Amino acid sequence: MTDSYLYAAARTPFGRFSGALANVRPDDLAALAIRATLAKTPALDPTEIGDVVWGNANGAGEDNRNVGRMAVLLAGLPTTVPATTVNRLCGSSLDAAIIASRAIETGDADIVLTGGVESMTRAPWVLPKTTRAFPAGDVTAVSTTLGWRLVNERMPKEWTVSLGEANEQLADRFDVARERQDAFAARSHNLADDAWNAGFYDELVVPVAVDAKGTTLDRDEGIRPGSTAEKLAGLKPVFRPDGVITAGNASPLSDGASAVLLGSGAAATRIGTDPVARVAGRGASALDPQLFGYAPVEAANRALKSAGIAWSDVAAVELNEAFAVQSLACVDAWEVDPDIVNAKGGAIALGHPLGASGGRLLGTLAHRLRESGERWGVAAICIGVGQALAVVLENVTGSSR
């Protein structure tokens, strides 16, 4: 067994639903993320890439038919570079990296490109096939943007509640007040704005041309500088009349792509650069579907055990902020310093294009560790239908204090 390492990462800015990226196809976004990542390793001959593992959650529209392979072809890579697409909903691109790291560690591949993409704006409506030809009644088109669709009637009703209702239940279960959620959301926006202004994201994010005039999206579109808990307190609940979840303390529907290049230690010569971080531990967990927001707790604990470290060793956490309430429930359970969680902003501000978010977490985490010189970090993400994934990274670039 050998170790697997993260060598480079890049992503597009994340656009808001029906926003600046609305006219950009998801396979084009994916191709752009691939080109941007490989541009950081110009010495790498693309024919050396043993496989491409790509994440995508919806896959019902322009991202169908193995969007990973389509992105490889659109990015101009040799046709000899293979690719697959994996779907673990919100965790798809983190799953892609986990799959790639295992392939490298077992010797099945030496260099693997991973990532993910989602255009929630362009996710189509679908019509189920009828049981007989030419029905006389109306047929309902179902949105594939987010959440349960075409639900099997055998599923227990408590499992198939909306994502928002599921998180209202988490708020009840763990007594997470609306005030805490709004404060957490405001923090996300302000930290994201600070990080952009300080140049943290400059080398991680590649601009996207959005029209024929040369207009580009250069920065994550959902960030609201100057957000405060007091302003967010004025928003009405979305899922219950007396609920705590609003459009302000949940992640927005988003569009975007991310990519991460992984390889063995021996591959450094061919890649042409030293690795940034080692994949030190992995964890997956599952529980009742409506409790999906809490699943990262056990996934991260398993990843830490796999890495042979404890929470007291961890200096940086990247936790996908699907909802403020589930993020706070996880942070409370881990008993970590909240200041080390999403210190450069999170998905409430940056956005959550489902299939791309795991790659964003890994790229941001590796960059944070390289910037600080600290040794250990955790990336974790909750996944609809009751799952979660987590990865532990070890900084190999500097002091690793």
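The paragraphs below set out a description of the structure included in this document.

Rules behind the numbers
- Residues numbered from 1 in each chain as written.
- Predicted model: local features only at pLDDT ≥ 70, side-chain atom pairs only at ≥ 80, totals over all residues.
- Heavy atoms only, no water.
- Helix = DSSP H or I, 4+ residues; strand = E, 2+ residues; numbered from the N terminus.
- Buried < 20%, exposed > 50% of the residue type's maximum accessible area, 1.4 Å probe, protein only.
- Contact = heavy atoms within 4.5 Å.
- Areas by Shrake-Rupley, 256 points an atom, 1.4 Å probe, with all protein chains shown as cover.
- Lys, Arg positive; Asp, Glu negative; His and termini not counted.
- Charge placed at Lys NZ, Arg CZ, Asp CG, Glu CD.
- Polar contact = N/O pair within 3.5 Å; in protein donor to acceptor, adjacent residues only side chain to side chain.
- Core = buried A, V, L, I, M, F, W, Y, C linked by side-chain atoms within 4.5 Å.
- Axes fitted to C-alpha atoms, helices over the stretch in contact; angles between N-to-C directions.
- Nonpolar A, V, L, I, M, F, W, Y, C, P; charged D, E, K, R; others polar.
- Patch = residues over 30% accessible without salt bridge, like charges linked within 9 Å, V, L, I, M, F, W, Y side chains within 5 Å.
- Salt bridge = Lys/Arg side-chain N within 4 Å of Asp/Glu carboxyl O.
- Parallel < 35°, antiparallel > 145°, perpendicular 65-115°, else oblique.
- Left-handed = near helix turned anticlockwise from the far one by under 90°.
- Pairing = 2+ DSSP bridges.
- Right-handed = clockwise from strand over helix to strand, strands pointing away.

### Points about the overall build of the protein
Phase 1 of the analysis: Counting its regular elements, the protein contains 11 helices and 14 strands.
Phase 2 of the analysis: Dimensions of the protein, computed from C-alpha atoms along their principal axes, come out at roughly 60 × 55 × 45 Å.
Phase 3 of the analysis: Taking all 401 residues of the protein together, 57% fall into the buried category.
Phase 4 of the analysis: Taking as baseline every contact in the protein between residues at least 6 positions apart, the subset at least 24 positions apart corresponds to 80%.
Phase 5 of the analysis: By element, 51% of the accessible surface of the protein is carried by carbon and sulfur atoms, the whole surface being about 16300 Å².
Phase 6 of the analysis: Distance between charge centres in the protein, computed from 36 positive and 46 negative side chains, equals 4 Å.

### Digging into helix α9 (residues 324-334)
Phase 1 of the analysis: Counting buried positions over the 11 residues of α9 gives nine, a clear majority of the element.
Phase 2 of the analysis: Among the residues of α9, Ala324, Val325, Gln326, Ser327, Leu328, Ala329, Cys330, Val331 and Trp334 are the ones counted as buried.
Phase 3 of the analysis: Each element contacted by the buried residues of α9 is listed here: α4 (163-174), α5 (178-197), α8 (296-307), β12 (314-319), α10 (347-350) and β13 (376-383).
Phase 4 of the analysis: One or two residues past the end of α9 sits Glu335, with phi positive at roughly 55°.

### Here we look at the environment of Ser92
Phase 1 of the analysis: When you line up the elements, Ser92 lands in helix α3 (residues 92-105).
Phase 2 of the analysis: A sequence separation of 89 residues divides Ser92 from Asp3, and the C-alpha atoms of the two residues are 22 Å apart.
Phase 3 of the analysis: Other than its neighbours up to four places away in sequence, Ser92 contacts Gly55, Asn56, Ala57, Val86, Asn87 and Gly355.
Phase 4 of the analysis: Polar contacts involving the side chain of Ser92 include one to the main-chain amide nitrogen of Arg88, which spans 2.9 Å.

### Concerning the nonpolar core
Phase 1 of the analysis: If you look at the biggest cluster of nonpolar residues, it comprises 38 residues, and the most contacted ones within it are Ile34, Ile49, Val52, Trp54, Leu77 and Leu261.
Phase 2 of the analysis: When contributions to this core are tallied by element, the ones reaching two or more residues are β1 (4-11), α1 (26-38), β3 (51-55), α2 (67-74), β5 (111-119), β10 (254-264) and α7 (268-271).
Phase 3 of the analysis: Among the elements that take part in this core, α1 stands out by supplying eight residues, more than any other.
Phase 4 of the analysis: Residues Val260, Leu361, Leu389 and Val391 belong to the second largest nonpolar core, which totals 34 residues.

### Considering the packing of α3 against helix α11 (residues 357-372)
Phase 1 of the analysis: Orientation of α3 relative to α11, taken along the N-to-C sense of each, is 65°, at an axis distance of 5 Å. Contacts from Ser93, Leu94 and Ala97 in α3 reach Ser357, Gly358, Gly359 and Leu362 in α11.
Phase 2 of the analysis: In terms of residue class, the contact of α3 with α11 is built from three nonpolar, four polar and no charged.

### Describing the side chain of His189
Phase 1 of the analysis: Its place among the elements puts His189 in helix α5.
Phase 2 of the analysis: By relative accessible area, His189 is classed as buried at 6%.
Phase 3 of the analysis: Every residue in contact with His189, bar those within four places of it in the chain, is listed here: Gly222, Ile223, Arg224, Ser227, Ile348 and Ala349.

### Quick notes on the environment of Thr114
Phase 1 of the analysis: Mapped onto the secondary structure, Thr114 falls in strand β5.
Phase 2 of the analysis: Sequence-wise, Thr114 and Ile98 are 16 residues apart; in three dimensions their C-alpha atoms are separated by 9.3 Å.

### Comments concerning a nonpolar patch on the surface
Phase 1 of the analysis: A cluster of nonpolar side chains, namely Met70, Leu73 and Leu74, defines an oily patch on the protein surface of about 230 Å² accessible area.
Phase 2 of the analysis: Position of Leu74 relative to the elements: it lies in helix α2.

### Points about the packing of α1 against α2
Phase 1 of the analysis: Running from amino to carboxyl end, α1 crosses α2 at an angle of 60°, the nearest separation of the two axes being 8 Å. Of the possible angle classes, the one that applies to α1 and α2 is oblique. The element α1 and its partner α2 pack so that their crossing is right-handed. Contacts between α1 and α2 involve Asp27, Asp28, Ala30, Ala31, Ile34 and Arg35 from the first element and Val67, Met70, Ala71, Val72 and Leu74 from the second.
Phase 2 of the analysis: Taken together, the residues of the contact of α1 with α2 sort by class into eight nonpolar, no polar and three charged.

### Examining the pairing of β3
Phase 1 of the analysis: Where burial is concerned, most of β3 is hidden: four out of the five residues are buried.
Phase 2 of the analysis: Here β3 runs beside β5; their pairing, made up of five bridges, is parallel. Residue Trp54 lies in a different strand from β5, and its bridge partner there is Gly115.
Phase 3 of the analysis: Alignment of β3 against strand β4 (residues 83-86), held across four bridges, turns out to be parallel. Bridged to Val53 within β4 is Thr84.
Phase 4 of the analysis: In terms of handedness, the path from β3 via α2 over to β4 forms a crossover that is right-handed.

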